[in-house]
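Each chain, written out:
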Amino acid sequence: MGSVHARAYARMPGVELAGVCDANAAAAVKLADAVGTAGFEDAEALFAEGRPDVVSICLPTPLHRRFTEQAAKAGVHVVCEKPIANTLEDAEAMIRVCEAHGVRLFIGHVVRFFPSYEDIARNVARGSIGRVGVAHARRVGGHPGKASAWYGDRAASGGPIMDVMIHDIDFMRSVLGEVDRVFASERTAPGVEHALVTLRFRNGAIANMEAMWGYEGPFTTAVDLSGTKGTVRYRSDDPGSITIRRSLGEEEAGPRVSVPQSPLHQSPYYRQLEHFLHCIREDATPIVSAVDGYMALAIALAAMRSIRIEAPVRMTEYLEGKEATRVE
Amino acid sequence: MSNPVKVGLLGVAHSHARSYFRELSSLEEAEVVGVADDDASAAAAFVSGTGVRGYEDVSALLASDAELVVICSENARHGEHVRAVAAAGKHALCEKPLGISMEDMRSMIAVCKERGVGLMTAFPCRYLPPVIEAKRAVDRGDIGKLLTVKGTNRGKMPGGWFVDPARSGGGAVIDHTVHVMDLMRWISGVNPVGVYAEIGTLFHSDLSVEDTGILHVTFEDGIETVLDTSWSRGKSFPYWGDVTLEIVGSKGSISVDAFAQRNEWFLDEPSRTVWNYWGERMDRWMLKDCLAAVRDGNGMPITGEDGLQATAIALAAYDSARLERKVSVQGVR
């Protein structure tokens, strides 16, 4: 994600990259060189010498709070990757510290900037399919623990619900409103974690979301909503707008077929970051806020509680209680 | 063919009656002796132009030489009709849901057993090649140990007796839970244990039954499933609905879209899009299997117990929604 943010900023007019920081100095320098800026291995140095106006925090979730606080105290606006944090206590602290230091806090719920999902949100809001009754979302991909060990620590990463499904939780909340209650189930096996979460919204609509780590195919998402006046659906594995198939010689290695692509001039990540920077410049309200990030986390945590107690969890009670507002 | 099985149709209320009649009429292993309904005029209208006899009343069918009776009456009548067919010494193939209460279904099973006649529940989806291939893949161990299944059996709001609880026993949940839950039992080989349901009337606000159900059903061996049973397909949807399964195992996954074998038609007069399914006619293969069991004197391939187990999930779902918690399926009354 750090690379995605850096490369987007590097292309953005009116934006100058002040530095790339990573505890792994070699990795920081490698990315910094690729995007034409300085590399740092220490955040304090990044803030003191790079003197950024905005910092993108793309660290593992358990580190979001500490570095958001550090940035806020240095007077730097924060764009933080999702999930906002892995406890509601941390999420709230992040929101407060940024408020206290007069800096903005944005959370990277980038699915809101995917044009396929934007089309759905916009036209459902206009009433194209009437009142939504049932919605489905699916988000499945490989197991990230293979690339990066911290994902395997459930308390840190929250598993597929907090790491992957949280995108759909935020999206569904943006379309269907506040959630009344959550019921969830989950199964795991070595290399496979699969979660199914049902949200009952205050307006009566029902959404079921599926997320998986350890899917054998390419990363795939799907969403569909049915209402009183029609149905809309999107599947990322429908034939893409471009697929490249190569016939390879005997000695050539590499894939014969590229994953079907949906190319855009500006990626959703670019548009998201551009939007956040615009909101800083213009002091405008973003389409997705830090509070939205907090609420998505709360729903994800409630789902994990539901799995543990094998019962529905009511959101108002969960938010008031806060006795179990971390990964269980 | 020598000695086709003589078959009668009892009740024409269910939409599948027409399909069963058509298939039976063209299967050489069957001879349709007649059609009966509590409403004699409905039976007469059904057979009009076919040359097949419409009985003046149900007892006339029961007194006939039919060996097998296919029951397509409203859900609430299944119990009475199965018991009457069994009392007449005939085998029964009964539409789903088998019945609308546990007591009713238990009695149907008991009476048939006592009378030594077969009772089959109509679950035609077991005869769809993609579903059969999925079961074979699971049985071979292609995807390892079963972990979860997400299924859908969505459809259009059928109206009529389907939305009159006195005749249907409920709405979308009792209508659409059973097919996929039967497939789950068949593919996994284990029984359902618990269910949590979210139910509502969300698409057609004037209905007195539910049109939406999202069920979380846990099976033995810890298999977790979710099923969408809703009547959520609207007028414009190009097909009646779907049966889909996403089966996740410890070593792989299987995606089934049971009615995906279709062509898309974009038509102008009138303006519409239609999906024309060209896959196997599941009703035909189910009926052939039933007829073979009757002819060969074997047990029915899909039993009354199968029908009861699948329906129990729907009944437990209603309890769950009412109690707002997970409930045991095996304990449902």
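Before reading on, note that the structure itself is shown above.
Residues numbered from 1 in each chain as written. Chains lettered and ligands numbered in written order. Predicted model: local features only at pLDDT ≥ 70, side-chain atom pairs only at ≥ 80, totals over all residues. Heavy atoms only, no water.

Q: Give a detailed account of the overall build of chain A, specifying residues and quantitative values.
A: A tally of helices and strands in chain A yields eleven helices and twelve strands. Compactness check: chain A gives a C-alpha radius of gyration of 20 Å against a globular reference of 20 Å for 328 residues, within 12% of the reference. C-alpha atoms of chain A, sized along the principal axes, occupy 60 × 55 × 45 Å. By the burial criterion, 53% of the 328 residues in chain A qualify as buried. Accessible surface, chain A as shown: approximately 14,800 Å² in total, 49% of it carbon and sulfur. Computed over 36 positive and 41 negative side-chain charges, the separation of the two mean positions in chain A equals 6 Å. (Helix = DSSP H or I, 4+ residues; strand = E, 2+ residues; numbered from the N terminus. Rg over C-alpha atoms; globule rule 2.2 N^0.38 Å. Buried < 20%, exposed > 50% of the residue type's maximum accessible area, 1.4 Å probe, protein only. Areas by Shrake-Rupley, 256 points an atom, 1.4 Å probe, with all protein chains shown as cover. Lys, Arg positive; Asp, Glu negative; His and termini not counted. Charge placed at Lys NZ, Arg CZ, Asp CG, Glu CD.)

Q: I'd like a description of the overall build of chain B, backed by residues and values.
A: Check the secondary structure of chain B and you find ten helices and 14 strands. If one aligns the C-alpha atoms of chain B with their principal axes, the spans along those axes are about 55 × 50 × 45 Å. Counting across all 333 residues of chain B, residues that qualify as buried make up 59%. Counting contacts in chain B only where the partners sit at least 6 residues apart, residues at least 24 apart contribute 70% of the total. (Contact = heavy atoms within 4.5 Å.)

Q: Break down the sheet that holds strand 2 (residues 30-36) of chain B for me, citing the residues and quoting the values.
A: Residue and element names in this part refer to chain B. Strand order across the open sheet formed by five strands is 2-1-3-4-5, with parallel pairing between neighbours. The sheet terminates laterally at strand 2 and strand 5 (119-121), the two strands that pair on one side only. Geometrically, the sheet is characterised by an average inter-axis angle of 20 degrees between neighbouring strands, direction not taken into account. In this sheet, strand 4 (residues 91-94) lies alongside strand 3 (residues 68-71) in parallel orientation, the contact comprising four bridges. Its bridge partner being in strand 4, Val-70 is matched across the sheet by Leu-93. Docked against the sheet, helix 4 (residues 78-87) engages strand 1 (5-10), strand 3, strand 4 and strand 5, running at close to 175 degrees with respect to strand 3. (Pairing = 2+ DSSP bridges. Axes fitted to C-alpha atoms, helices over the stretch in contact; angles between N-to-C directions.)

Q: An account of the sheet that holds strand 8 (residues 212-219) of chain B is needed here, citing residue identities and associated values.
A: Where strands meet in a sheet, backbone hydrogen bonds hold them as pairs that are either parallel or antiparallel. Residues and elements named next belong to chain B. Taking strand neighbours across the sheet as the criterion, the seven strands line up as 11-10-6-9-8-7-14 in an open arrangement whose pairing is mixed. If you trace the sheet from one side to the other, it starts and ends with strand 11 (252-257) and strand 14 (327-328), each paired once. Sheet topology places strand 10 (residues 244-249) next to strand 11; six bridges connect them, and they run antiparallel. Across the sheet, Ile-247 pairs through a bridge with Ile-254, a residue of strand 11. Contacting strand 6 (146-152), strand 10 and strand 11, helix 6 (residues 129-140) runs over the sheet at an angle of about 170 degrees to strand 11. Sitting on the sheet, helix 10 (residues 304-323) is in contact with strand 7 (192-200), strand 8 and strand 14, with an inclination near 55 degrees to strand 7.

Q: Summarise the side chain of Glu-118 of chain A; cite the residues concerned and give the values.
A: Residue and element names in this part refer to chain A. For Glu-118, the position within the fold is in helix 6 (residues 115-125). Classification of Glu-118 as buried rests on a relative accessible area of 19%. Here the side chain of Glu-118 touches Arg-271 through a polar contact of 2.8 Å, side chain to side chain. (Polar contact = N/O pair within 3.5 Å; in protein donor to acceptor, adjacent residues only side chain to side chain.)

Q: Could you give an account of the pattern of salt bridges, naming the residues involved and the relevant values?
A: Residue and element names in this part refer to chain B. Inspection of every chain in the model, using the stated rule, returns 46 salt bridges over all chains. A salt bridge links Glu-80 to Arg-77; the nearest nitrogen and oxygen atoms lie 2.9 Å apart. On the basis of relative accessibility, which here comes to 24%, the residue Arg-77 falls in the partly exposed class. Notably, a salt bridge pairs Arg-154 with Asp-242, separated by 2.9 Å at the nearest N-O pair. On the criterion of sequence distance, the pair formed by Arg-154 in the loop between strand 6 and helix 7 (165-168) and Asp-242 in the loop between strand 9 (224-228) and strand 10 is long-range, its members being 88 residues apart. The residues Arg-154 and Asp-242 share a single accessibility class, namely buried. (Salt bridge = Lys/Arg side-chain N within 4 Å of Asp/Glu carboxyl O.)

Q: Residues and numbers for the packing of helix 1 (residues 16-26) of chain B against helix 9 (residues 282-296) of chain B, please.
A: Packed helix pairs are specified by the crossing angle of their axes together with the interaxial distance, meaning the distance between the axes. Residues and elements named next belong to chain B. Look at helix 1 against helix 9: their axes get within 9 Å of each other, and the N-to-C directions meet at 60 degrees. The orientation of helix 1 with respect to helix 9, classified from their angle, is oblique. For the pair helix 1 and helix 9, the sense of crossing is right-handed. Seen from helix 1, the contacting residues are His-16, Ser-19, Tyr-20, Glu-23, Leu-24 and Ser-26; seen from helix 9, they are Asp-283, Arg-284, Met-286, Leu-287 and Leu-291. Tallied by class, the residues present in the contact of helix 1 with helix 9 amount to five nonpolar, three polar and three charged. (Parallel < 35°, antiparallel > 145°, perpendicular 65-115°, else oblique. Left-handed = near helix turned anticlockwise from the far one by under 90°. Nonpolar A, V, L, I, M, F, W, Y, C, P; charged D, E, K, R; others polar.)

Q: Break down the packing of helix 5 (residues 88-100) of chain A against helix 10 (residues 290-309) of chain A for me, with residues and values.
A: Residue and element names in this part refer to chain A. Contact geometry for helix 5 and helix 10: axes closest at 10 Å, N-to-C directions at 175 degrees. In terms of orientation, helix 5 lies roughly antiparallel with respect to helix 10. Residues Leu-88, Ala-91, Glu-92 and Ile-95 of helix 5 form the contact with helix 10, whose participating residues are Ala-290, Val-291, Tyr-294, Leu-297, Ala-298 and Leu-301. Residues that form the contact of helix 5 with helix 10 fall into these classes: nine nonpolar, no polar and one charged.

Q: Give a description of the side chain of Glu-210 of chain A that names residues and reports values.
A: Tracing the chain through its elements places Glu-210 of chain A in strand 9 (residues 206-213). When near neighbours in sequence (up to four residues on either side) are disregarded, Glu-210 of chain A contacts Ala-137, Arg-138, Arg-139, Val-140, Met-165, His-194, Ala-195 and Leu-196 of chain A together with Lys-150 and Glu-246 of chain B.

Q: Before we move on, can you summarise the environment of Arg-308 of chain A with the specific residues and values?
A: The topology assignment puts Arg-308 of chain A in helix 10. Sequence separation of Arg-308 of chain A and Ile-206 of chain A is 102 residues, and the distance between their C-alpha atoms is 21 Å.

Q: Account for the nonpolar core, with residues named and values stated.
A: When a protein is soluble and globular, its nonpolar side chains tend to lie buried together. If you look at the biggest cluster of nonpolar residues, it comprises 72 residues, and the most contacted ones within it are Leu-105, Ile-161, Met-172, Val-182, Val-197 and Leu-297 of chain A. When residues of this core are assigned to their parent elements, the largest contribution, twelve residues, is made by helix 10 of chain A. When residues no more than four places from it in sequence are discounted, the contact partners of Leu-297 of chain A are Ile-84, Ala-85, Asn-86, Thr-87, Leu-88, Ala-91, Met-162 and Ile-166 of chain A. Counting 69 residues, the second-largest nonpolar core is a separate cluster that includes Met-105, Ala-137, Met-181 and Ala-317 of chain B. (Core = buried A, V, L, I, M, F, W, Y, C linked by side-chain atoms within 4.5 Å.)

Q: Can you lay out the interface of chain A and chain B for me, pointing to particular residues and giving the numbers?
A: Counting from both sides, the interface comprises 35 residues of chain A and, opposite them, 36 residues of chain B. Each partner contributes to the roughly 2,900 Å² buried at the junction of chain A and chain B, and carbon and sulfur atoms together form 57% of this total. Counting the surface chain A buries against chain B, the share from its top three residues, His-136, Phe-183 and Arg-187 of chain A, is 20%. With its nearest N and O atoms 3.6 Å apart, the salt bridge here joins Glu-246 of chain B to Arg-138 of chain A. Where chain A packs against chain B, one counts 14 residue pairs in polar contact (both at pLDDT 80 or more). At the level of secondary structure, the elements contributing two or more residues to the side of chain A that touches chain B comprise strand 6 (132-141), strand 7 (179-189), strand 8 (192-201), strand 9, strand 10 (220-227) and strand 11 (230-235) of chain A. If one sorts the elements of the side of chain A that touches chain B by residue count, strand 7 of chain A sits on top with eight residues. Classifying every residue of the side of chain A that touches chain B gives eleven nonpolar, twelve polar and twelve charged. (Buried area = accessible area lost by both parts, 1.4 Å probe.)

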